[in-house]
Amino acid sequence: MRIDLHTHSSRSDGTDTPAELVEVAKDAGLDVLALTDHDTTAGWDEAFTAAGRLGVTVVPGAEISCRLGRIRIHLLAYGFDRAEPEFGRERNLLRDDRERRAELIVQRCQELGAPITWERVREIAGSAAIGRPHVASALVEAGVVATVDAAFSSDWLADNGRAYVTKYALDPFRALELVHSSGGVAVVAHPAAGSRGWILTDDQIGELARAGLRGIEADHVNHDAAARERIRGLAAELGLVPTGSSDYHGSRKTVRIGENTTDPAAYEELFDGMPWVTQRPPHSEASRGV
Ligand code: AMP
Ligand code: FE
Ligand code: FE
Ligand code: ZN
């Protein structure tokens, strides 16, 4: 069984529609794909429909923006009830603030001499929860930088770069409460990806584990061999399930879908007691309880 538990569609900063994403997963030989768009569940229905057609299991999820002091944390939430109002309200706030902040980032870019417009960036984002990668695409289109990666230099969009603006993010302990009260489980994403900001300490991961965190992403494109080993050791010590995933974003990143995968035993353990999350298609929305 090949399992990829972290991917993005065009409902956030990926480039494939949810249906295309499931097709790409099928072509790559994946049996299980989690859809984890940033701060939104808007792609779930389309992904479920494609999953039923193609015989791929889609795990519904979202990657929730959190912040602990100066550390930006991404929490992968899976199998939660998207109709639960409190968590739903927070996802709305997160998306609304992404709009405010993206417009400010575009203003900063303009002040720095980049010939991009808010209208064009909004158009590139379409129905997505907007983010820096959409601004990055506009910068590439305008010839300011050669690639999306280059747009994430300190000259432009990098964390604390010249055009960087902070956005609303949840306290991770509050986010864990919201995920749990909505019936889901949480895994901390790329905790040792240094290029994305501050790295979580072992103590902080321990505190999250005591607050009910169920898993930790070990195999990720931004983790080197030493980081992966450190995380696997920590997972064993803390009783966390180690996962692996691609963090696929379509053509906005070079990573391939299924480049890192989760062990089937880890997958079973992660969703133990949540059979509706892992059931084989065809499935209906109602039977998933989401
Ligand atoms: P935002 O959620 O708007 O703060 O944007 C963060 C997103 O930008 C991440 O989810 C990645 O998809 C992308 N990103 C962050 N750092 C880089 C980078 N160095 N190169 C390319 N994409 C990046
Ligand atoms: Fe992203
Ligand atoms: Fe992330
Ligand atoms: Zn991601």
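Placed above this text is the structure.
Residues numbered from 1 in each chain as written. Chains lettered and ligands numbered in written order. Predicted model: local features only at pLDDT ≥ 70, side-chain atom pairs only at ≥ 80, totals over all residues. Heavy atoms only, no water.

1. Some thoughts on the coordination of the zinc ion (ligand 4)
The zinc ion (ligand 4) binds to the protein through His6 (NE2), His8 (NE2), Glu63 (OE) and Asp247 (OD); the donor distances cover 2.1 to 2.3 Å. For the zinc ion (ligand 4), the four donor atoms in the first shell make angles of 79 to 169° at the metal, a pattern classed as irregular. Sequence spacing among the residues donating to the zinc ion (ligand 4) works out to H-x1-H-x54-E-x183-D. With relative accessibility at 2%, the residue Asp247 sits in the buried group. (Donors = N, O, S within 2.8 Å, 3.2 Å for Na, K, Ca; no water. Tetrahedral: all angles 85-135°; square planar, octahedral: opposite > 155°, others 65-115°. Buried < 20%, exposed > 50% of the residue type's maximum accessible area, 1.4 Å probe, protein only.)

2. Topic: the coordination of the iron ion (ligand 2)
The iron ion (ligand 2) binds to the protein through Asp13 (OD), His38 (NE2) and His249 (NE2); the donor distances cover 2.1 to 2.2 Å. Read in sequence order, the donor residues coordinating the iron ion (ligand 2) give the pattern D-x24-H-x210-H.

3. Brief notes about helix H5 (residues 132-141)
The buried count for H5 comes to eight of 10 residues, which makes it a mostly enclosed element. If you check which residues of H5 are buried, you get Arg132, Pro133, His134, Val135, Ala136, Ser137, Ala138 and Leu139. Residues of H5 that are buried in the fold lie against helix H3 (85-111), helix H4 (118-125) and helix H6 (148-151). Just downstream of H5 lies Gly143, where phi reads positive at about 80°. (Helix = DSSP H or I, 4+ residues; strand = E, 2+ residues; numbered from the N terminus. Contact = heavy atoms within 4.5 Å.)

4. Brief notes about the site of ligand 1
Around ligand 1 sit Asp13, His38, Arg98, Arg101, Gly131, Arg132, Pro133, Asp149, Phe152, Lys167, His249 and Lys253, and those are all the residues in its vicinity. Considering ligand 1 on its own, with 500 Å² of exposed area, one finds that the protein chains cover 87% of that surface. Broken down by class, the residue content of the shell around ligand 1 amounts to two nonpolar, three polar and seven charged. (Near = heavy atom within 4 Å. Areas by Shrake-Rupley, 256 points an atom, 1.4 Å probe, with all protein chains shown as cover. Nonpolar A, V, L, I, M, F, W, Y, C, P; charged D, E, K, R; others polar.)

5. Examining the packing of aromatic side chains
Going through the model one piece at a time under the given rule, you end up with five aromatic pairs. Pairing Trp44 with Phe48 gives two aromatic rings, centres 6.4 Å apart and planes at 50°, and the pair type is tilted. Taken together, the residues span about one helical turn, with Trp44 and Phe48 both in helix H2 (residues 44-54) at a distance of four residues. You'll find Trp44 and Phe48 in the same group, each marked buried. Pairing Trp44 with Phe80 gives two aromatic rings, centres 5.1 Å apart and planes at 55°, and the pair type is tilted. (Phe/Tyr/Trp six-rings, centres within 6.5 Å; stacked < 30°, edge-to-face > 60°.)

6. Regarding the sheet that holds strand S1 (residues 3-7)
Strand order across the open sheet formed by seven strands is S1-S2-S3-S4-S5-S6-S7, with mixed pairing between neighbours. Looking at the sheet topology across the chains shown, the edges are occupied by S1 and strand S7 (241-244). Each strand of the sheet is rotated relative to its neighbour by a mean of 30°, with strand direction disregarded. (Pairing = 2+ DSSP bridges. Axes fitted to C-alpha atoms, helices over the stretch in contact; angles between N-to-C directions.)

7. Some details on the packing of H3 against helix H7 (residues 172-181)
Contact geometry for H3 and H7: axes closest at 8 Å, N-to-C directions at 135°. By the angle class used here, H3 and H7 are oblique. Considering how the two elements wind past one another, H3 and H7 form a crossing that is left-handed. Contact residues: H3 offers Glu86, Phe87 and Glu90, while H7 offers Arg174, Leu178 and Val179. Its residues assigned to classes, the contact of H3 with H7 shows three nonpolar, no polar and three charged. (Parallel < 35°, antiparallel > 145°, perpendicular 65-115°, else oblique. Left-handed = near helix turned anticlockwise from the far one by under 90°.)

None of the figures reported here should be taken as evidence of function without further support.
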